[in-house]
Amino acid sequence: FVKEEYILGDHNIAKFLLRTTPALAQEFYGQGDAWQMTQVDQWLEVAVSQSQSPSLPSLVDQYLVTKTFLVGQSLSLADVAIYLVLRKVSVDGYE
């Protein structure tokens with residue numbers, strides 16, 4: 001379902017806001033680096049596609065063993081998206 005007047009999906013709305021607000025994009029969307037922006041996009045896909053997967057928490061834990069943030073050296077949209085999915089699972093459980 002695609003309509004020109006709407007942007008559907010939380011991660012698509014978030015990306016739109018970041019892409020249209022340079023200060024936010026600089027801070028939360030890969031800091032203007034194409035590689036980091038692509039990594040953020042990949043984690044957003046994981047957040048959407050794996051949101052009901054019981055293995056998501058361990059996947060994130062394993063990835064973060066040697067890292068503080070999912071992408072780069074500071075908080076990004078990837079961290080926020082994965083946090084929100086994990087938080088929802090911890091409150092609501094898996095459906």
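Just above, that's the structure.
Bear in mind that the values here come from a model prediction, so they are computed numbers and not experimental data.

Colleague: Could you clarify how one ought to interpret the nonpolar core in this entry?
Modeller: Nonpolar side chains in soluble globular proteins generally cluster together in the buried interior. Among the nonpolar cores identified, the biggest contains 18 residues, and V40, W43, L70 and I82 are the most heavily contacted of them. Of all the elements in the fold, those that place two or more residues in this core are α1 (10-20), α3 (34-49), α4 (56-63) and α5 (77-92). What L70 contacts, discounting residues up to four positions off in sequence, is W43, V60, Y63, L64, A78, D79 and I82.

Colleague: Help me understand the packing of aromatic side chains, please; the structure alone is not making it clear to me.
Modeller: The relative placement of two aromatic rings is captured by the distance of their centres and the angle of their planes. According to the stated counting rule, one finds one aromatic pair in the structure shown. Pairing W43 with Y63 gives two aromatic rings, centres 4.9 Å apart and planes at 65°, and the pair type is edge-to-face. Taken as a pair, W43 in helix α3 and Y63 in helix α4 lie far apart in primary sequence, 20 residues in all. Its end group placed over the ring of Y63, K67 keeps NZ or CZ at 4.9 Å from the ring centre.

Basis of the calculations
Every chain is numbered on its own, with residues counted from 1 as its sequence reads. Under the rules for a predicted model, residues below a pLDDT of 70 receive no local features and side-chain atom pairs below 80 are neither given nor counted, while totals for whole chains, interfaces and linings still include all residues. To get the side-chain values, all heavy atoms of the structure are used, and hydrogens and water are removed first. Throughout this description, the term nonpolar core refers to a set of buried Ala, Val, Leu, Ile, Met, Phe, Trp, Tyr and Cys residues connected via side-chain atoms within 4.5 Å. When a residue's accessible area, from a 1.4 Å probe over protein chains only, is under 20% of the maximum for its type it is buried; when over 50% it is exposed; and in between it is partly exposed. Numbering of helices and strands runs from the N terminus; a helix is a DSSP stretch of H or I covering at least four residues, while a strand is a stretch of E covering at least two. Contacts: residue pairs with any heavy atoms within 4.5 Å of one another. Two rings from Phe, Tyr or Trp (for Trp, the six-membered ring) form a pair when their centres sit within 6.5 Å of each other. Planes less than 30 degrees apart are called stacked, planes more than 60 degrees apart edge-to-face, and all others tilted. Charge over a ring is defined by NZ of Lys or CZ of Arg lying within 6 Å of the ring centre and within 35 degrees of the ring normal.

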